[in-house]
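Examination of the molecular architecture
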Amino acid sequence: MIVDLVLSNAKAYLKKEIVDCSLAIDDGKILKIGKEAIMPKAQAKTDLKNLLVLPGLIDAHVHLRGQEKAYKEDFYSGTAAAAAGGITTVLDMPNNDPVTMSAETLRNRMAEAKKKVLVNVGFYSEFPRNVEEIAKIVEEGAVAFKLFMTEQVGGLNIDDDRALVEAFKIISGLKISVAVHAEDKTMLKKAEDEFKRANRNGIEAFLKAHSENVEVKAIRRLLSIAEQTNVHTHFCHVSTENGLKAIVDGKKSEMPITCEATPHHLLLSVDDLKRTGTLALTVPPVREKHHSTALWDGIKKGWIDILASDHAPHILQEKKAKVVWDVKVGIPNLETTLPLLLTEVKRGRLSIADVARLMAEKPAEIFKLKSRGYLKEGNNADLTVVDLNRKYKIEASKFHSKAKYSPFDQWTVEGKPVKTFVNGQLIMDEGEIVAKLGSGKIIRREKL
Ligand SMILES: [Zn+2]
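Residues numbered from 1 in each chain as written. Predicted model: local features only at pLDDT ≥ 70, side-chain atom pairs only at ≥ 80, totals over all residues. Heavy atoms only, no water.

1. Describing the packing of helix α4 (residues 161-174) against helix α7 (residues 212-229)
Contact geometry for α4 and α7: axes closest at 9 Å, N-to-C directions at 45°. On the basis of the axis angle, α4 is oblique to α7. Relative to α7, the crossing made by α4 is right-handed. Between α4 and α7, the contacting residues are Asp161, Leu164, Val165, Phe168, Lys169 and Ser172 on the first element and Arg221, Leu222, Ile225, Gln228 and Thr229 on the second. For the contact of α4 with α7, a count of residues per class yields five nonpolar, three polar and three charged. (Axes fitted to C-alpha atoms, helices over the stretch in contact; angles between N-to-C directions. Helix = DSSP H or I, 4+ residues; strand = E, 2+ residues; numbered from the N terminus. Parallel < 35°, antiparallel > 145°, perpendicular 65-115°, else oblique. Left-handed = near helix turned anticlockwise from the far one by under 90°. Contact = heavy atoms within 4.5 Å. Nonpolar A, V, L, I, M, F, W, Y, C, P; charged D, E, K, R; others polar.)

Below, the structure is given as structure tokens:
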């Protein structure tokens, strides 16, 4: 048999250890992992020169934009950024124009994406207006639902607990997860309105409005709903000490919950906002340092299940509105996340096993992405090849993303993704995109 590709001289992260081996790839799958001598003949061969091979990274929180928001990012530029950042699968958020919140909007989004994506893309849906649509959205292949608690995005009235419980009960029967942006809308809007009336329109007022309590209140509310309905609830971008505490309490009482942290909440603080201004404004915002200390502690203790970029690109103009309440929140992060994490590996705050667990194994498990997340025979050949010794400066002006700015711009990092294979195909090589539009796959949730 002649296989498609053999990758030789790899240091691959397998079953919790790094092993010198070769990998045979055929028809998009890993056919064999082992010594060079047992590799089958191949049409093509690549010598990886002892570079580290990680299971293809999965970023479970990405806003790819596209459609009417394509001026900010489109399916090509967003997935090129993913490939350049060593990420082989992204899960796309539903706050689009049109909002992904019905079988039809999901189908249309998948159809547009299919022609352009370079990596695997799965889709979240917001809740529909009519709960009967929920099953149709699942049937169409959404990987999970996303619920924004901070403002009304989907069709479900987020002010109404009974409506939330009713929708979650339907979700429970369909065994699909709900990811939540946990900030309490009522509390947030009240604070925001007060600041607006007092003509306080700066970053300081924004931070006060998006207080720790705003996060904690929404988390507690969702914990109660998850408990009543037994729906797996995933808390996106946890940012505060007490928010994490509430989640840990829920986990200790065996609730079906998981949570995520982002590089910016781990590595930036309010001090950085003095340097970056509104450019680094996100929701939830970056916080005082003791919060990130608590998040690092949560990673160490295993309470934080995954890391995700929350890649949320905007055009520069939208980031620089004079009135803070008009600033579009979010930062591009697909091309910075892995280098920042690898730098933390160098510093000893994370291990390679942590990176693989937090960005491949656990996201695959949580979102039921079958045959991904681990390097093993039979799995899809999604591989992230990194050079741990490459030291360089992050240059936002060279991003593949349309959003060419970053709060991490000019940071020196150590560790670089140098090749990205998606379903056995080389997509990125030394920062260059080497594959055609549409080389990636649309991932649909497996039918029950
Ligand atoms: Zn987000």
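2. Regarding the nonpolar core
Among the nonpolar cores identified, the biggest contains 95 residues, and Val90, Phe127, Phe145, Leu147, Val178 and Phe235 are the most heavily contacted of them. Ignoring any residue separated from it by four or fewer positions in sequence, one finds Val178 in contact with Phe127, Phe145, Leu147, Phe168, Ile171, Val231, His232, Thr233 and His234. Counting residues in hydrophobic clusters, the runner-up holds 19 residues, among them Ile25, Leu48, Leu375 and Val385. (Core = buried A, V, L, I, M, F, W, Y, C linked by side-chain atoms within 4.5 Å. Buried < 20%, exposed > 50% of the residue type's maximum accessible area, 1.4 Å probe, protein only.)

3. Notes on the pattern of salt bridges
Applying the stated criterion across every chain, the model contains 29 salt bridges. Asp20 is paired through a salt bridge with Lys11; the nearest N and O atoms lie 2.7 Å apart. Residue class for Lys11 comes out partly exposed when judged on its relative accessible area of 30%. Taking the shortest distance from any N to any O, the salt bridge between Lys251 and Asp305 comes out at 2.5 Å. Residue Lys251 is located in helix α8 (residues 241-252), and its partner Asp305 is located in the loop between α11 (289-300) and β13 (306-307); the two are separated by 54 residues in the primary sequence. You can call Asp305 buried: its relative accessible area is 7%. Salt bridges linked by common partners bring Lys189, Glu192 and Lys196 together as one network. (Salt bridge = Lys/Arg side-chain N within 4 Å of Asp/Glu carboxyl O.)

4. Quick word on the coordination of the zinc ion
In the first shell of the zinc ion, the protein supplies His61 (NE2), His63 (NE2) and Asp310 (OD), at 2.0 to 2.3 Å from the metal. On the primary sequence, the residues serving as donors to the zinc ion are separated as H-x1-H-x246-D. We note that His61, like His63, is buried. (Donors = N, O, S within 2.8 Å, 3.2 Å for Na, K, Ca; no water.)

5. Some points on the packing of aromatic side chains
Scanning all chains against the criterion turns up six aromatic pairs. Between Tyr124 and Phe367, the ring centres sit 5.9 Å apart and the planes meet at 75°, which makes this aromatic pair edge-to-face. Of the two residues, Tyr124 sits in strand β8 (residues 120-125) while Phe367 sits in the loop between α14 (352-366) and β14 (383-393), which places them 243 residues apart along the sequence. Under the relative-accessibility criterion, Tyr124 is labelled buried at 0%. Residues Phe206 and Trp325 carry aromatic rings whose centres are separated by 6.0 Å and whose planes lie at 35° to one another, so their mutual orientation is tilted. Within this pair, whereas Phe206 is found in helix α6 (residues 203-209), its partner Trp325 is found in the loop between α12 (316-319) and α13 (337-347), the two being separated by 119 residues in sequence. (Phe/Tyr/Trp six-rings, centres within 6.5 Å; stacked < 30°, edge-to-face > 60°.)

6. Quick word on the pairing of strand β3 (residues 29-34)
Taken together, the five bridges between strand β2 (residues 17-26) and β3 define a ladder with antiparallel strand orientation. Residue pairing for β3: Leu23 is matched across the bridge by Ile33. Once β2 ends, the chain turns through two residues before running back antiparallel as β3, passing Asp27 with a positive phi of about 50°. (Pairing = 2+ DSSP bridges.)

7. Observations regarding the environment of Pro417
Locating Pro417 in the fold gives a position in strand β15 (residues 412-422). On the basis of relative accessible area, Pro417 is assigned to the buried category, the value being 4%. Expressed as a C-alpha distance, the spacing of Pro417 and Asp429, which sit twelve residues apart in the sequence, is 8.9 Å. Residues in contact with Pro417, not counting those within four places in the same chain, are Ala84, Gly85, Gly86, Leu338, Pro339, Val385, Val386, Tyr392 and Met428.

8. A short note on the packing of helix α3 (residues 133-140) against α4
Interhelical geometry of α3 versus α4 gives an angle of 35° and a closest axis separation of 10 Å. In the crossing of α3 with α4, the sense of the turn from one axis to the other is right-handed. Judged by residue contacts, Ile134, Ala135 and Val138 of α3 engage Ala167, Ile170, Ile171 and Leu174 from α4. In the contact of α3 with α4, the residues fall into seven nonpolar, no polar and no charged.

9. Notes on α8
For α8, with twelve residues, the first-to-last C-alpha span of 16 Å sits near the 16 Å given by 1.5 Å per residue. Within the span of α8, buried status applies to Gly243, Leu244, Ala246, Ile247, Val248, Gly250 and Lys251. Contacts made by the buried residues of α8 are with α7, β11 (233-235), β12 (257-261) and α11. Just beyond α8, the residue with positive phi is Glu254, at close to 65°. (Expected span 1.5 Å × (residues − 1).)

10. Some points on the environment of Glu166
Inspection of the secondary structure assignment puts Glu166 in helix α4. Each C-alpha atom of the pair Glu166 and Thr229 lies 8.8 Å from the other, and the pair is 63 residues apart in sequence.

11. Observations concerning α13
In terms of burial, α13 is largely enclosed, as nine of its eleven residues are buried. By the burial criterion, the buried members of α13 are Thr337, Leu338, Pro339, Leu340, Leu341, Leu342, Thr343, Glu344 and Val345. Taken from the residues just after α13, Gly348 is the one with a positive phi, measuring 90°.

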